[in-house]
Amino acid sequence: MKETVLVTGGAGYIGSHTAVELINAGFDVVIADNLSNSDLQAVEGVRRITGREIPFEQVDCCDREAFKRLFERYEFRSAIHFAASKAVGESVEQPLKYYRNNLTSFLNLVELMRDFHRPNILFSSSCTVYGEPDKQPVTEQTPRKPATSPYGNTKQMCEDILRDSIAAIPEMRGIALRYFNPIGAHPSALIGELPRGVPQNLLPYVTQTAAGIRECLSIFGDDYPTPDGTCIRDYIDVVDLARAHVAALHRMLEKRGTERYEVFNVGTGRGVSVLELVKGFEKANNLKINYRIAPRRAGDIVAIWADPSLANRELGWHAERTLEETLHAAWEWQCHLDRREK
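Computed from a predicted model, the values in this text were never measured in an experiment. (Residues numbered from 1 in each chain as written. Predicted model: local features only at pLDDT ≥ 70, side-chain atom pairs only at ≥ 80, totals over all residues. Heavy atoms only, no water.)

1. Notes on the sheet that holds strand β6 (residues 173-179)
Right, so step 1: One open sheet holds the seven strands; their spatial order is β3-β2-β1-β4-β5-β6-β11, and the pairing between them is parallel. Of all the strands in the sheet, the pair left with one neighbour each is β3 (56-58) and β11 (261-266). Put simply, the sheet's adjacent strands are angled 20 degrees from each other on average, direction ignored.
Right, so step 2: Two strands pair when backbone bridges link them, and strand β2 (residues 28-33) and β3 are joined in this way by three bridges, in the parallel orientation. Paired with I31 across the two strands is F56, which belongs to β3. (Pairing = 2+ DSSP bridges. Helix = DSSP H or I, 4+ residues; strand = E, 2+ residues; numbered from the N terminus. Axes fitted to C-alpha atoms, helices over the stretch in contact; angles between N-to-C directions.)

2. Some points on unusual backbone geometry
Right, so step 1: In this structure, P137 follows Q136 across a cis peptide bond, with omega equal to -10 degrees.
Right, so step 2: Here P137 shows up in the loop between β5 (120-126) and α6 (150-168).
Right, so step 3: Residue L35 is not a glycine yet carries a positive backbone phi of 60 degrees.
Right, so step 4: Within the secondary structure layout, L35 lies in the loop between β2 and α2 (40-50).
Right, so step 5: Owing to a relative accessible area of 17%, L35 belongs among the buried residues under this scheme.
Right, so step 6: If you check the backbone angles, K255 has positive phi at about 55 degrees while not being a glycine.
Right, so step 7: Tracing the chain through its elements places K255 in the loop between α8 (238-253) and β11. (Buried < 20%, exposed > 50% of the residue type's maximum accessible area, 1.4 Å probe, protein only.)

3. Points about empty space enclosed by the protein
Picture a little ball the size of a water molecule; that probe, rolled over the atoms, points out where space is still empty.
Right, so step 1: Under the defined criterion, the tally for this structure stands at three cavities of 30 Å³ or more.
Right, so step 2: By volume, the largest cavity amounts to about 100 Å³.
Right, so step 3: Along the walls of the largest cavity sit 13 residues, with E193, P204, T207, A330 and W333 positioned nearest its centre.
Right, so step 4: Counting only elements with at least two residues in the lining of the largest cavity, the list comes to α7 (202-210) and α11 (323-341). (1 Å grid on protein atoms, 1.4 Å probe; cavity = no way out; pocket = protein on both sides within 12 Å on 5 of 7 lines; lining within 4 Å. Points joined across faces, edges and corners; volume = space filled by probe spheres on them.)

4. Describing the packing of aromatic side chains
Right, so step 1: One pass over the structure, following the stated rule, counts five aromatic pairs.
Right, so step 2: Aromatic side chains F106 and F123 sit 4.8 Å apart centroid to centroid with 45 degrees between the ring planes, which places their arrangement in the tilted category. Here F106, found in helix α5 (residues 95-115), pairs with F123, found in strand β5; they are 17 residues apart in sequence, far enough to count as distant.
Right, so step 3: Accessibility expressed as a relative area gives 0% for F106, which makes it buried.
Right, so step 4: Of the residues examined, F123 reaches a relative accessible area of 3% and is grouped as buried.
Right, so step 5: Measuring from centroid to centroid gives 6.0 Å for F281 and W331, while their planes differ by 85 degrees, and the two rings are edge-to-face. You can see F281 sitting in helix α9 (residues 274-285) and its partner W331 sitting in helix α11, a full 50 residues away along the chain. (Phe/Tyr/Trp six-rings, centres within 6.5 Å; stacked < 30°, edge-to-face > 60°.)

5. Concerning the environment of A11
Right, so step 1: Residue position: A11 is located in the loop between β1 (4-8) and α1 (13-24).
Right, so step 2: What makes A11 buried here is its relative accessible area of 3%.
Right, so step 3: The spacing of A11 and L287 is 276 residues in sequence and 30 Å in space, taken between C-alpha atoms.

6. Digging into helix α3 (residues 64-73)
Right, so step 1: What α3 keeps buried is the set A66, F67, L70 and F71. Buried residues along α3 cover an arc of 155 degrees about the axis, so they all sit on one side.
Right, so step 2: Summarising the contacts, the buried residues of α3 are in contact with β1, β2, β3 and α5. (Arc of directions from axis to C-beta. Contact = heavy atoms within 4.5 Å.)

Pasting the structure below:
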């Protein structure tokens, strides 16, 4: 009998790619999503890529009773929790939305996993838990500093909730994967990042500007203490990131490792500036991007990139796709969207 995995927020960007990689690795998947910031076409894309009829439940993880009914309906030992609001800038403007949604949904998940004796939780965390680190690259031992945004604070708080819950519940195991900056799309161009309204993340704004949907890309600040004055991030291909979830899930199911709660950085180990990414996109796709320098944005840190050696060693996972491949896949996805709209 196949192992079934609950994927909350599975109609979202990272969730849909992870669902594909789970199925490719031999798992069955149940996708749960309230579609507040996602689209059913992502679920259809997963079905087309995998050739599988995947169960989908439209449920809000903040609605405990509705969420509970999903636990009653399906048998699974493991859950991967993606369901959360995720834009740094928006969280600064709407902190209560972020605290209510991100914390309530996760508390409900942990409680229901406990009550239904489902032992394995894989949490979608973020490098924002490190705040503004003193030195680069960051390791899992890098101290967590005060978060620079409510979004980052919710990730810190959810990590603490998971750690403390596992300490109190002997049969439970958990892993928090601290993502760096996911970008790109599936090579099939059937799933990718699909922002609602104006994109909050860099690369979708780049692709929409290249497609003529946006008039101009704003680069927030060119006076940071970096080689070209723009912020530096660790941009990881979303398919590579999805594969890290499969590796982490295997670790929990096989009960490898001496600790029942673990954290891993998931990044490439290379810092790339905003301007470098834009120029790389232009080169990978033979395009020119109309951009301007805008004032700094609240909540942004100067630079952060990963030391992924722990994940490389313990999970047997490595980032494989080149930045050029990732930027090309992002443009192919945008072109797919444009064709569908016409």
